[in-house]
Amino acid sequence: MEFFNHCCHSRHYFFEIRKCGIETCNICKPIRSDPETFFKLHNLPDPIPIINQEHYKQFEDVYGTETTEDFRPSLQKKGVDNKVTNDMGFSPNGQYAANTGTVIQCCECSKWRVLYCKRKLNTNENSLLNRFLDSIEYTCGDSFNHLIADGGNSNDVESDDVSDLFKHVKVNNKLNCNNSMEVSYYSCNLYEDLCFLCGINEREETESQEECYYYCSECSVGIKDKKKRKKKSFSGGSQSKRGRL
Ligand SMILES: [Zn+2]
Ligand SMILES: [Zn+2]
Ligand SMILES: [Zn+2]
């Protein structure tokens, strides 16, 4: 514990060990790197938002300052009450989910979140979307709206295309990691039958599909009212799942 308190820095996203640099310290050993370089190194900063904006500060702006974990995305209580509306501009449904045929996995809670579009994506849009989603880490509550450029074209063709894409493709950013799976994940009929509550455990082929959503054995404990399924099917595109697998 002495060592831990002395020179370790434990965070949800990372764990650092950094010697104190004092030659005579009896907890950690003397440094071996060049002292000039060593004393320029700081602990990794936590994400700190820009006041009144949805974005976080640049790494350079917070590096070397004292930060706390209070602004970690998954600690933000977005959308806990129903008054918070999503930024999608339309209501999510199974058909819109089928139009993208794409979900992305939250890197914190591992639930799959559904991507929606009011019209069916073409092949190019679909591959651009999947390429883009492969390049990011998604956490519940994130929206893609900050990628939409406000007018003027940039020099980067790909980022213009991404900007155009996310004018149409939306994720329900009202959801946080404590929310269950989305009904449209199931009603688009494209994906495996995962537990409605945890979104992790899969229904075995042998288990019959009941009139309620599937709840794994762990999540079934203490659940009185399982959510009932709505019977409706959609013709979707090809499915693709993006995330940490
Ligand atoms: Zn020390
Ligand atoms: Zn999550
Ligand atoms: Zn479960």
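All figures in this text were calculated on a predicted structure; none of them were measured in a lab. (Residues numbered from 1 in each chain as written. Chains lettered and ligands numbered in written order. Predicted model: local features only at pLDDT ≥ 70, side-chain atom pairs only at ≥ 80, totals over all residues.)

A closer look at the overall build of the protein chain
In terms of regular secondary structure, the protein chain is built from 8 helices and 6 strands. In the protein chain, the order of α-helices and β-strands from amino to carboxyl end is α-β-β-α-α-α-β-β-α-α-β-α-α-β. Contacts spanning at least 24 positions in sequence make up 58% of the contacts within the protein chain whose residues lie at least 6 apart. (Helix = DSSP H or I, 4+ residues; strand = E, 2+ residues; numbered from the N terminus. Contact = placed C-beta atoms within 7 Å.)

Let's talk about the environment of N93
With respect to the secondary-structure elements, N93 resides in the loop between helix 3 (59-62) and helix 4 (94-100). We classify N93 as partly exposed; it has 19 C-beta atoms within 10 Å. For the pair N93 and C188, spaced 95 residues apart in sequence, the C-alpha separation works out to 8.2 Å. (Buried ≥ 20, exposed ≤ 12 C-beta atoms within 10 Å, placed from the backbone.)

Here we look at the nonpolar core
Grouped together as the largest cluster of nonpolar side chains are 35 residues, with contacts concentrated most on A97, L115, V169, Y185 and F196. Of all the elements in the fold, those that place two or more residues in this core are helix 4, strand 3 (102-105), strand 4 (112-116), helix 5 (123-134), helix 6 (157-168) and helix 7 (183-187). Ranked by residues supplied to this core, first place goes to strand 4 with 4 residues. With sequence-adjacent residues up to four places away left out, V169 is seen in contact with T100, L115, C117, L129 and F144. (Core = buried A, V, L, I, M, F, W, Y, C linked by C-beta atoms within 7 Å.)

Digging into the environment of P73
The residue P73 is located in the loop between helix 3 and helix 4 in this model. For the pair P73 and Y56, spaced 17 residues apart in sequence, the C-alpha separation works out to 9.9 Å. In this structure P73 touches P47, T139, G141 and D142, once residues within four positions along its chain are discounted.

Some thoughts on the pairing of strand 4
Counting buried residues in strand 4 gives 5 out of 5 residues, a clear majority hidden from the surface. Residue alternation in strand 4 divides its side chains into two sets, W112, V114 and Y116 and R113 and L115, and both sets are buried. Pairing analysis gives 3 bridges linking strand 3 to strand 4, with the strands arranged antiparallel. If you follow Q105 over to strand 4, its bridge partner there is W112. Counting the residues between successive antiparallel strands, the hairpin from strand 3 to strand 4 contains 6 residues, one of them, S110, with a positive phi of roughly 70°. Relative to strand 5 (residues 170-171), strand 4 is paired through 2 bridges, and the arrangement is antiparallel. Paired with Y116 across the strands is K170, a residue of strand 5. (Pairing = 2+ DSSP bridges.)

Here we look at the environment of P47
Inspection of the secondary structure assignment puts P47 in the loop between helix 2 (35-38) and helix 3. For the pair formed by P47 and E69, sequence separation is 22 residues and the distance between their alpha carbons is 7.2 Å. When near neighbours in sequence (up to four residues on either side) are disregarded, P47 contacts Y56, F71, R72 and P73.

Comments concerning helix 5
Along its 12 residues, helix 5 runs 16 Å from first to last C-alpha, staying within 8% of the 16 Å computed at 1.5 Å per residue. Listed as buried for helix 5 are N126, L129 and L133. Projected down its long axis, helix 5 carries its buried residues within an arc of 65°, all on one side. Away from the buried face of helix 5 by more than 90 degrees, exposed residues T123, N124, S127, R131 and D134 are located. (Expected span 1.5 Å × (residues − 1). Arc of directions from axis to C-beta.)

Some remarks on the packing of helix 5 against helix 6
Relative orientation of the contacting elements helix 5 and helix 6 amounts to 105°, with a least axis distance of 10 Å. On the basis of their axis angle, the class for helix 5 and helix 6 is roughly perpendicular. Residues E125, L128, L129 and F132 of helix 5 pack against D161, V162 and L165 of helix 6. For the contact of helix 5 with helix 6, the per-class residue count stands at 5 nonpolar, no polar and 2 charged. (Axes fitted to C-alpha atoms, helices over the stretch in contact; angles between N-to-C directions. Parallel < 35°, antiparallel > 145°, perpendicular 65-115°, else oblique. Nonpolar A, V, L, I, M, F, W, Y, C, P; charged D, E, K, R; others polar.)

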